[in-house]
Amino acid sequence: MSENTNIKVPFFCPSIGKEEQEAVLEVMKSGWLTTGKITEKFEKEFSAFIGSKHALAVNSNTSGMILAMEACGVKKGKAIITTPYTFVSTATTAIHLGADVFFADTEKETYSIDPEKIEDLLRKDTEHKICAIVPVHIAGNLCNMKKINELAKKYSTNENKIYVIEDAAHSFPSKTENGYSGTLGDIGVFSFYATKTITTGEGGMITTNNETFAKRMNIMRLHGMDRTTWDRYTNPKATWEYDIVDSGYKFNLPDILSAIGREQLKKAEDFRIKRTHIAEKYNKEFSKYDFLQIPPTSEGNSWHLYLIQLKKDKLNCTRTDFAKELQENGLGISMHFIPLFHFSYWKNKYKDFIPSNYPNANNHYENTITLPLWPEMTKEMIDKVINTVIQIGKKHYVC
């Protein structure tokens, strides 16, 4: 492999082509930019792709999580269980609804929430506050959905049903023999943020097979209105005739973004194959060195991110120092994730929410770096990432 010392490798570049540009232009020419027929087509195509009965386009994963939780009864006096090893919105969505958040540590060998820790919390929930479990599929790897669904069923009562809401922001199109992520619980919520496996710039999608949930989320997605904007302006019924049935939100995805999403959806499998090819190259080279731990991988991993772990007993530098050297050598990198117990808001809200109570999540954080992984990376870029990581590791290798 060549040294490629002058090459800069961005952390991520979206794969946007002529098809997306032309699709946006068509929407602009149509005169209808907000949520309409293009978004409806995007929802139907996504639903068909993933195998869910319903798909609802929203303006972000965060919006989708609020709608999903609200539909599942998350409110004041209730609580959810999720992982501290996630982006902050997974938990703050429950706070916005007035609920509490209980946190379960990750598994020691993976970044996924630990079902045993979930059950510990369910056993202690004598007040029956917990009404939803929110597993987060980190980096494209899937949590143990079979066990999590079993726990939700086991601890549900006639008075307090526990639902499973998949935070699938990282996991399109991860697939198991039981189906795609987002169809393995009661509701799934995806992200189409700029760095995700497919993008609309900003946006997301909710999937469910539950008719009641779908109807509720559809109404709450747009002000609690009983008619969509598209229906009001295309149906013979007067545009001003509608009812507000609840205090809803403004979470709809406009056609101009859905146009991008439809074209990205067509390329999703090709993108996955390319990311998998790059990840396999990384795995092959990094597994040769005992100061590196390649990422755990589950069935159907979509390889949204590549999380490399440093073995701190083999290196004389910290993860932060290692990361800075990667940046100084032209690599765009990130950290997934800073566990929520390191943030001021959460430390102040829950006094026992401290690193020592979540040793696995904290250990992952202290030793993990997210490397560049996107479909259009060139061979030179891939080689640059591999060479740079290995060279810095060798420089700090102690045994």
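These remarks concern the structure in this document.

### With respect to the pattern of salt bridges
Following the criterion strictly, the structure yields 20 salt bridges and no others. Measuring nitrogen to oxygen at the nearest pair gives 3.0 Å for the salt bridge that ties E19 to K267. Of the two residues, E19 is situated in helix α1 (residues 18-30) and K267 in helix α9 (residues 255-286); the sequence distance between them amounts to 248 residues. Taking the relative accessible area as the measure of exposure, E19 reaches 39% and is therefore partly exposed.

### Digging into the nonpolar core
Ranked by internal contacts, the top residues of the largest apolar core, which has 78 residues, are F286 and L371. Per-element accounting of this core gives the leading share, 7 residues, to helix α13 (residues 379-395). When residues no more than four places from it in sequence are discounted, the contact partners of F286 are L292, I294, Y306, I308, L371, V385, I386, V389 and I390.

### Section: the sheet that holds strand β3 (residues 100-103)
Read across the open sheet, the 7 strands follow the order β1-β9-β8-β5-β4-β2-β3; overall the sheet is mixed. Strand pairing shows two members of the sheet lacking a second neighbour, β1 (54-58) and β3, which therefore form its edges. For this sheet, the mean inter-axis angle between neighbouring strands, taken without regard to orientation, is 25°. Here strand β5 (residues 163-167) runs beside strand β8 (residues 187-191); their pairing, made up of 3 bridges, is parallel. Considered in β8, the bridge of I165 is made with I187. In the packing of helix α4 (residues 89-96) onto the sheet, contacts are made with β2 (79-82), β3, β4 (130-134) and β5, and the angle to β3 comes to roughly 145°. Relative to β4, helix α5 (residues 115-124) is tilted by about 175°, and along the sheet it contacts β2, β3 and β4.

### Remarks on helix α10 (residues 319-328)
Of all the positions in α10, only R319, F322, A323, E325 and L326 are classed as buried. Take α10 and look down its axis: the buried residues cluster within an arc of 160°, on one side only. Packing partners of the buried residues in α10 comprise β11 (306-310), α12 (359-367), β12 (368-371) and α13. A positive phi of about 95° marks G330, the residue just after α10.

### Focus: the packing of α10 against α13
One can describe the packing of α10 onto α13 by two numbers: an axis separation of 10 Å at closest approach and a directional angle of 135°. When the axes of α10 and α13 are compared, the pair comes out oblique. Like other packed secondary-structure pairs, α10 and α13 cross with a definite hand, here right-handed. Contact residues: F322, E325 and L326 in α10; T388, V389, I392, G393 and K395 in α13. Here the residues of the contact of α10 with α13 are counted per class, giving 4 nonpolar, 2 polar and 2 charged.

### Things to note about the side chain of D125
Following the sequence through the fold, D125 ends up in the loop between α5 and β4. Buried and unpaired, D125 has no salt bridge, with K129 as the nearest side chain of opposite charge at 7.0 Å. Engagement of the side chain of D125 in a polar contact is seen with the backbone nitrogen of K129, the distance being 3.0 Å.

### Some details on the pairing of β1
By the criterion of burial, β1 is predominantly enclosed, with 5 of the 5 residues buried. By the alternation rule, side chains of β1 split into H54, L56 and V58 and A55 and A57, which are all buried. Bridge count between β1 and strand β9 (residues 204-208): 5 bridges; the pairing is antiparallel. Across the sheet, V58 pairs through a bridge with G204, a residue of β9.

Definitions and cut-offs
Along each chain, numbering runs from 1 in the same order as the chain's sequence is written. Only residues with pLDDT of 70 or above have their local features reported here, since the model is predicted, and side-chain atom pairs are shown and tallied only from 80 upward, although totals for entire chains, interfaces and linings are computed over all residues. Note that water and hydrogens are dropped before the side-chain values are worked out from all heavy atoms of the structure. Between Lys or Arg on one side and Asp or Glu on the other, a salt bridge is scored when a side-chain nitrogen of the former is within 4 Å of a carboxyl oxygen of the latter. A run of H or I in DSSP counts as a helix once it spans at least four residues, and a run of E counts as a strand once it spans at least two, with each numbered from the N terminus. Buried means the residue's accessible area, taken with a 1.4 Å probe over protein chains only, is under 20% of the maximum for its type, while exposed means over 50%, and partly exposed covers the values in between. Joining through side-chain atoms within 4.5 Å is the link that ties buried Ala, Val, Leu, Ile, Met, Phe, Trp, Tyr and Cys residues into a set, and such a set is a nonpolar core. Only heavy atoms enter the contact rule, under which two residues are in contact if any of them lie within 4.5 Å. Between any two strands, pairing holds if DSSP finds at least two bridges. Where helices are involved, their axes are fitted lines through C-alpha atoms of the stretch in contact, as for all axes, and angles between N-to-C directions lie from 0 to 180°. In this description, one arc is meant: the one made by directions from the helix axis to the C-beta atoms. With respect to orientation, any angle under 35 degrees is reported as roughly parallel, any angle over 145 as roughly antiparallel, any angle of 65 to 115 as roughly perpendicular, and every other angle as oblique. Left-handed describes a crossing whose near helix is turned anticlockwise from the far helix through less than a right angle; right-handed describes the clockwise counterpart. Three residue categories are used. Nonpolar comprises Ala, Val, Leu, Ile, Met, Phe, Trp, Tyr, Cys and Pro, charged comprises Asp, Glu, Lys and Arg, and polar comprises the others, including Gly. In this tally, Lys and Arg are treated as positive and Asp and Glu as negative; His is ignored, and so are the chain termini. Polar contacts, as used here, are pairs of N or O atoms within 3.5 Å; protein pairs need one atom able to donate a hydrogen and one able to accept it. Residues neighboring in sequence count only if both atoms are side-chain atoms.

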